[in-house]
Amino acid sequence: MKRVNQFDVRPRSEKEREVFKRWLDASASLWNETNYARRQNFLEDDKNVWDADTGSLEGKYKGVLSSSVVQQIIRKNSEAWRSFFSSNKYHAGKLDEKPSPPGYWGNEEDGRVLRTYVRNDQYTIEYGKRSRLEVPIGSELKDELGLNRNQRLRVEVAGDPKWSGEQNRLEIVYDELAETFRAFQPVTVDDSRLDSPLASEEAALDVGANNLVACTVSTGSQLLYEGRSLFEQFRETTERIAYYQSLLENQRESSKRIDRLYRKRTNRRDHAQDSLVRELVERLYDEGVSTLYVGDIKGVLSTHWSPHVNEKTHNFWAYRRFIDRLEDVCEEYGITVEGESEAWTSQECPKCGEREETIRQEDSLTCPCGFEGHADLVASESFLRQQNNAVRPMARPVYLKWNNNEWREHHNPPSVAVETTANEEYTDQSTTTSENIALGDSDD
Ligand SMILES: [Zn+2]
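Keep in mind it's a predicted model, so treat the numbers as computed, not measured.

### A look at the coordination of the zinc ion
Within the protein, Cys 349 (SG), Cys 352 (SG), Cys 367 (SG) and Cys 369 (SG) serve as the donor atoms for the zinc ion, at 2.2 to 2.4 Å. One can describe the site at the zinc ion as tetrahedral: its four donor atoms subtend angles covering 102 to 113 degrees at the metal. If you list the donors of the zinc ion from N- to C-terminus, the spacing comes out as C-x2-C-x14-C-x1-C. Judged by its relative accessible area of 36%, Cys 369 is partly exposed.

### Overview of the packing of aromatic side chains
Overall, the coordinates contain 18 aromatic pairs when judged by the stated rule. Between Tyr 174 and Phe 181, the ring centres sit 4.8 Å apart and the planes meet at 45 degrees, which makes this aromatic pair tilted. As far as the burial class goes, Tyr 174 and Phe 181 line up, both buried. When the centroid spacing of 5.4 Å and the interplanar angle of 80 degrees are considered together, the rings of Tyr 225 and Trp 407 count as edge-to-face. One end of the pair, Tyr 225, is in strand β13 (residues 222–226); the other, Trp 407, is in strand β20 (residues 407–410), and 182 residues separate them in sequence. As far as burial versus exposure is concerned, Tyr 225 and Trp 407 are alike and both buried.

### Overview of the pairing of strand β14 (residues 289–295)
Counting buried residues in β14 gives six out of seven residues, a clear majority hidden from the surface. Judged from the four bridges that link them, strand β11 (residues 201–207) and β14 form a sheet pairing that is parallel. Bridging from a neighbouring strand, Glu 202 pairs with Thr 291 of β14. The pairing of β14 with strand β15 (residues 336–340) spans five bridges and is parallel. When the sheet's bridge partners are listed, Leu 292 is paired in β15 with Val 337.

### Quick look at helix α9 (residues 319–332)
Here α9 contains 14 residues, and its C-alpha end-to-end distance of 20 Å stays within 8% of the 20 Å for a straight helix at 1.5 Å per residue. Immediately beyond the C-terminal end of α9, within one or two residues, lies Gly 334, with a positive phi of roughly 70 degrees.

### Re the sheet that holds strand β18 (residues 372–374)
The strand order across the open sheet built from three strands is β16-β17-β18, with neighbouring strands paired in antiparallel fashion. Lying at the two open borders of the sheet, with one neighbouring strand each, are β16 (359–361) and β18. Strand-to-strand twist in this sheet, taken as the mean axis angle between neighbours without regard to direction, amounts to 20 degrees. In terms of strand pairing, β16 meets strand β17 (residues 364–366) through three bridges, oriented antiparallel. Its bridge partner being in β17, Arg 360 is matched across the sheet by Leu 365.

### Quick notes on the environment of Asn 211
Checked against the element boundaries, Asn 211 lands in strand β12 (residues 211–217). Classification of Asn 211 by relative accessible area gives buried; the value is 0%. Only 2.9 Å separates the side chain of Asn 211 from the side chain of Asp 376, close enough to count as a polar contact.

The rules behind each value
- Residues numbered from 1 in each chain as written.
- Predicted model: local features only at pLDDT ≥ 70, side-chain atom pairs only at ≥ 80, totals over all residues.
- Heavy atoms only, no water.
- Donors = N, O, S within 2.8 Å, 3.2 Å for Na, K, Ca; no water.
- Tetrahedral: all angles 85-135°; square planar, octahedral: opposite > 155°, others 65-115°.
- Buried < 20%, exposed > 50% of the residue type's maximum accessible area, 1.4 Å probe, protein only.
- Phe/Tyr/Trp six-rings, centres within 6.5 Å; stacked < 30°, edge-to-face > 60°.
- Helix = DSSP H or I, 4+ residues; strand = E, 2+ residues; numbered from the N terminus.
- Pairing = 2+ DSSP bridges.
- Expected span 1.5 Å × (residues − 1).
- Axes fitted to C-alpha atoms, helices over the stretch in contact; angles between N-to-C directions.
- Polar contact = N/O pair within 3.5 Å; in protein donor to acceptor, adjacent residues only side chain to side chain.

Printed below as a string of structure tokens:
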């Protein structure tokens, strides 16, 4: 069984920090070059992605990254391509949308995602009064820091290891928003009690607009991840971008400030999304879930949502990215993700099965038979029941809210009355006022 320890990585000086950043940046650059070469080959009929010349890239990057890190990045990219090819085969004729080839780390708008991977036997973490991490860097960087050839870069780490066991490949990411380096250390935990052979529960997700994820587990548990404040922040940043854009003489241009806002917006969303996925999957794992149902992408983007809500989920919640992350993390925990049609689930009364006469209004679903419930939770429950007859009676839902750092449990459900007003605002983009923007111009 795999579990993940998370740490903050703290370089001890400005110089070390700068070197560390370059190390991650070169890793991202290597990933992108490797991926580009393979994508080029992929597009040619008579070429093969595995023939791309990664040897010359190795030569180019090992001075900064060290050979072992170079090999890890290329290997990680190979894994991504293999998984793309196998999902292509698997989904043939099943999904309406073909999976796309592995993507780049970052994009033109937001810049590169600073990230790297270190092989399991190439790093050490020591815990204690002064917890520290040692990683391999290339000779060029060693020279700059005055390290000798046999030394590795040593940095401080903060955070408690939740899990112990055999260490796997380490992932390090720079969180631009928090200006922090984070390390993720998967460990194989040797605990056969937790690794239950009875893990045969199932769960279903409803991915929504106001509530990012509603989930029902066959054990009777329900989870609701509330996304309103997160979306408010996203929208506020979007407004600020529009405002600064309007100040530019040539509106096709951008500025450093605008670029920074874009990056901030994306990083903030990604941070919340990644945390949500991990927090959710750990809970499902603890419940003994072995299969997780999600709506297939076409269904998700066409069903009950209005065009505005659709756009919101697309741009803001980045559904495709969300599913990719979910699949990755589920794989880590041995949970299978299945895409299924969730037709009708958002309109079906769980009590009497009525579909035509139910009324869905914002977060509530009401039925002439007298049933009233939370629309997204009901949808995830109906979705699960379509796949699995053995769903137990529902317990009280767990509500989770994002506090800009982690998802926290809240005792009270989100208020329906407030939601109605907030939701109307979403659909009216014209209410944007420059006054709000000027006042809201804090450095968040
Ligand atoms: Zn009913």
